[in-house]
Amino acid sequence: MSRELNLILLGPPGAGKGTQAARLVQDFHLPWASTGDMLRAAVAAGSDLGVKAKGFMDSGDLVPDDLIVDLIVERVNQADCADGFLLDGYPRTVPQADALGEALSGLSREVSAALLIELDDEEVIRRLSGRRVCVQSGHGYHLDFDPPKHEGVCDQDGSRLIQRDDDTEAVIRNRLNVYHSQTKPLVEYYEERGLLRRFDGSRSQTEVHDHIRAALATLRLEDTI
Ligand SMILES: [Zn+2]
């Protein structure tokens, strides 16, 4: 259809999606469109969609899918998304993927690829449950990858290091269960459409990045033939 790179990023927590997204944005000059940011921007701007979204958020409800899709359409119609975009945090489910596909086809566009950064559960748990932060300023450490000089003490200000509730194994396992139940069908969805590209998240960040770059370069070549 075109040389656009309209990308979706999938992967479990702790697989390095954020790092890879930041690098892709830099390399390919793609806007990084997170639905969270879009929501906040729309609410702050007081746009029609923002006002609607705020109504749901203020009453503690989830913002419905169709409103999120409208926000995405509004966002990807902006000039900076003409050559593509990197969508973060959406879709999470097959119905959302369908809704997104329909909305994009209404703009004569389509998803170019769904990038899946894979990482097995035990490694996710090792990466996330090893995190420690200091109570004073939130300085971050990792028991395996970036340990403090003295156990349980912040190098920078000497305050106590704690594990955040979100980083406990029980919470991570719960997030992983949700992730697997939602993402497995989504992975199949994009696989069936020939759009899925898999990457080994256990490799170094630089290797993963190189692999993604190579895959995207191939994708652009295929599109121009
Ligand atoms: Zn500190």
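Structural data are supplied above this passage.
Here the structure is a predicted model, which is why all the values come from computation and not from measurement. (Residues numbered from 1 in each chain as written. Predicted model: local features only at pLDDT ≥ 70, side-chain atom pairs only at ≥ 80, totals over all residues. Heavy atoms only, no water.)

Asker: Looking at this structure, I do not really get the overall build of the protein chain. What am I missing?
Answerer: A count of helices and strands for the protein chain gives eight helices and eight strands. For the protein chain, whose C-alpha radius of gyration is 19 Å, the value lies close to the compact-globule estimate of 17 Å for 225 residues. A principal-axis box enclosing the C-alpha atoms of the protein chain has dimensions of 55 × 45 × 30 Å. Here the protein chain holds 225 residues, and 41% of them are scored as buried. Within the protein chain, contacts between residues separated by at least 24 positions form 69% of all contacts whose residues are at least 6 apart in sequence. Total accessible area computed for the protein chain in this model is approximately 12200 Å², and 48% of it derives from carbon and sulfur atoms. Averaging the coordinates of the 25 positive side-chain charges in the protein chain and doing the same for the 38 negative ones gives two points 3 Å apart. (Helix = DSSP H or I, 4+ residues; strand = E, 2+ residues; numbered from the N terminus. Rg over C-alpha atoms; globule rule 2.2 N^0.38 Å. Buried < 20%, exposed > 50% of the residue type's maximum accessible area, 1.4 Å probe, protein only. Contact = heavy atoms within 4.5 Å. Areas by Shrake-Rupley, 256 points an atom, 1.4 Å probe, with all protein chains shown as cover. Lys, Arg positive; Asp, Glu negative; His and termini not counted. Charge placed at Lys NZ, Arg CZ, Asp CG, Glu CD.)

Asker: What's the story with the packing of helix α4 (residues 65-76) against helix α5 (residues 94-105) in this structure? I'm lost.
Answerer: Two quantities define a packed helix pair, namely the angle between the helix axes and the distance between the axes. Direction vectors running N to C along α4 and α5 enclose 40 degrees, while the axes themselves pass 10 Å from each other. Along this stretch, α4 crosses α5, giving a crossing that reads as right-handed. Facing D65, V69, I72, V73 and V76 of α4, the residues of α5 in contact are Q96, A99, L100, A103 and L104. (Axes fitted to C-alpha atoms, helices over the stretch in contact; angles between N-to-C directions. Left-handed = near helix turned anticlockwise from the far one by under 90°.)

Asker: Looking at this structure, I do not really get the side chain of E4. What am I missing?
Answerer: Here E4 lies in the segment before β1 (5-10). A distance of 2.7 Å separates a polar atom in the side chain of E4 from a polar atom in the side chain of N6. Within the structure, the side chain of E4 is placed 2.9 Å from the side chain of R109, a separation counted as a polar contact. (Polar contact = N/O pair within 3.5 Å; in protein donor to acceptor, adjacent residues only side chain to side chain.)

Asker: What's the story with the pairing of strand β4 (residues 113-118) in this structure? I'm lost.
Answerer: Each regular strand carries side chains that alternate between the two faces of the sheet. Of all the six residues making up β4, five are buried; the element is thus mostly covered by neighbouring parts of the structure. Relative to β4, β1 runs parallel, the two sharing four bridges. Within β4, the position partnered with I8 by the bridge is A114. Here β4 pairs with strand β8 (residues 196-200) via five bridges, running parallel. Across the sheet, the residue bridging to I117 is F199, located in β8. (Pairing = 2+ DSSP bridges.)

Asker: I keep staring at the pairing of β1 and nothing clicks. Help me out?
Answerer: Of all six residues in β1, six are buried, a share of seventy percent or more. By the bridge criterion, four bridges tie β1 to strand β3 (residues 84-88) in an arrangement that is parallel. Within β3, the residue paired with L5 across the bridge is G84.

Asker: Could you clarify how one ought to interpret the layout of surface pockets in this entry?
Answerer: One water molecule sets the probe size; rolling that probe over the atoms shows where empty space is left. Estimated volume of the largest pocket: approximately 480 Å³. Taken together, 21 residues form the lining of the largest pocket, with G11, P13, K17, R92 and Y179 sitting closest to its centre. Going through the elements one at a time, β1, α2 (35-45) and α7 (169-192) are the ones with two or more residues in the lining of the largest pocket. Tallying contributions element by element places α7 first for the lining of the largest pocket, with six residues. Quantified by volume, the second largest pocket comes out at close to 320 Å³. If you go around the second largest pocket, you meet 17 residues; those closest to its centre are G14, A15, G16, R127 and Q205. Within the residue set of the lining of the second largest pocket, elements represented by two or more residues are α6 (121-129) and α8 (205-224). (1 Å grid on protein atoms, 1.4 Å probe; cavity = no way out; pocket = protein on both sides within 12 Å on 5 of 7 lines; lining within 4 Å. Points joined across faces, edges and corners; volume = space filled by probe spheres on them.)

Asker: Help me understand the coordination of the zinc ion, please; the structure alone is not making it clear to me.
Answerer: Ideal geometry at a metal centre gives angles of 109.5 degrees when four donors are arranged tetrahedrally and 90 or 180 degrees when six donors are arranged octahedrally. At 2.1 to 2.8 Å from the zinc ion lie its protein donor atoms, namely C134 (SG), H139 (ND1), C154 (SG), D157 (OD) and D157 (OD). Ordering the donors of the zinc ion by residue number gives the pattern C-x4-H-x14-C-x2-D. Classification of C154 as buried rests on a relative accessible area of 3%. Taking relative accessible area as the criterion, D157 reaches 28% and is therefore assigned partly exposed. (Donors = N, O, S within 2.8 Å, 3.2 Å for Na, K, Ca; no water.)

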